[in-house]
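Chain residues, written in single-letter form:
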Amino acid sequence: MLKRLDLLTESDLLSDEHYPVQVIFNDIYVDQFADIVINYIARGHGFGTEYGACVFPDDLDEYDIATGGMFDGVEFGLHNGEETLLDYDTFFYYLKKVCERYLIEKLNETDIIRTALRDFQFRYNIKN
């Protein structure tokens, strides 16, 4: 059976507008989490779940760019149309929190997850 974790709670949200972030991170299956963090997020690529998607600017195709879909940051969108755009520092706040909670369940993946977090920090020049 596929398992999900409650990686973000309502009290973790910096703003009510960030609800899509909570839904999408909590919709990741445990057995897919490390792959998504290492092979997608740390490389500046988004991912999708049953309820929505996380999108980085490099994920956009020519049509999106031509129709004014460009943005700076990370966009979370639910299939019901609810969206929020985060700057990279705010996204990193959530990414770090979900990784810390994930590692409670998967302590053996600490090194690869921490390396992915450092890669993301470097890619987007995040100081904290």
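Going by the structure above, here's the rest.
Residues numbered from 1 in each chain as written. Predicted model: local features only at pLDDT ≥ 70, side-chain atom pairs only at ≥ 80, totals over all residues. Heavy atoms only, no water.

Chemist: Quick question: what am I supposed to make of helix H4 (residues 88-105) here?
Modeler: Helical geometry note: an α-helix holds 3.6 residues per turn, so side chains three or four residues apart project in the same direction. Compared with an ideal rise of 1.5 Å per residue, which puts 18 residues at 26 Å, H4 spans 26 Å between its outermost C-alpha atoms and is within 8% of the ideal. Those residues of H4 hidden inside the fold are in contact with helix H1 (19-26), helix H2 (30-39), strand E2 (52-55), strand E3 (74-78), strand E4 (83-86) and helix H5 (110-123). Measuring from the side-chain oxygen of the N-cap residue of H4 to the backbone nitrogen of aspartate 89 gives 3.2 Å; that N-cap residue is aspartate 87. (Helix = DSSP H or I, 4+ residues; strand = E, 2+ residues; numbered from the N terminus. Expected span 1.5 Å × (residues − 1). Contact = heavy atoms within 4.5 Å. Polar contact = N/O pair within 3.5 Å; in protein donor to acceptor, adjacent residues only side chain to side chain.)

Chemist: Help me understand the nonpolar core in this model?
Modeler: Within soluble globular proteins, side chains that are nonpolar tend to cluster in buried spots. Ranked by size, the top nonpolar core spans 38 residues in total, and within it Phe25, Ile41, Phe91, Leu95 and Phe120 carry the most contacts. Of all the elements in the fold, those that place two or more residues in this core are H1, H2, E3, H4 and H5. Here the element with the most residues in this core is H4; it accounts for nine residues. (Core = buried A, V, L, I, M, F, W, Y, C linked by side-chain atoms within 4.5 Å. Buried < 20%, exposed > 50% of the residue type's maximum accessible area, 1.4 Å probe, protein only.)

Chemist: I'm lost on the pattern of salt bridges in this one. Help?
Modeler: Side-chain pairs of opposite charge can arise where the charged atoms are in close proximity. Evaluation of the coordinates by the stated rule reveals four salt bridges. Ionic pairing is found between lysine 3 and glutamate 105, a salt bridge with its closest N-O pair at 3.2 Å. With lysine 3 in the segment before H1 and glutamate 105 in helix H4, this residue pair connects regions lying 102 residues apart in the sequence. Judged by its relative accessible area of 44%, lysine 3 is partly exposed. A single network of salt bridges, built from pairs that share partners, joins Arg4, Asp27 and Glu50. (Salt bridge = Lys/Arg side-chain N within 4 Å of Asp/Glu carboxyl O.)

Chemist: Before we go on, may I ask you to explain the packing of aromatic side chains in this structure?
Modeler: Aromatic ring pairs are defined here through the distance separating the ring centres and the angle between the ring planes. The final tally for this structure, using the stated rule, is 13 aromatic pairs. Consider the rings of phenylalanine 92 and phenylalanine 120, whose centres lie 6.1 Å apart with planes at 5°: the pair is stacked. Here the residue phenylalanine 92 occupies a position in helix H4, and phenylalanine 120 occupies one in helix H5, the gap between them amounting to 28 residues. Here the aromatic cluster, defined as three or more aromatic residues joined through ring pairs, consists of Phe25, Phe47, Phe56, Phe76, Tyr88, Phe91, Phe92, Phe120 and Tyr124. (Phe/Tyr/Trp six-rings, centres within 6.5 Å; stacked < 30°, edge-to-face > 60°.)

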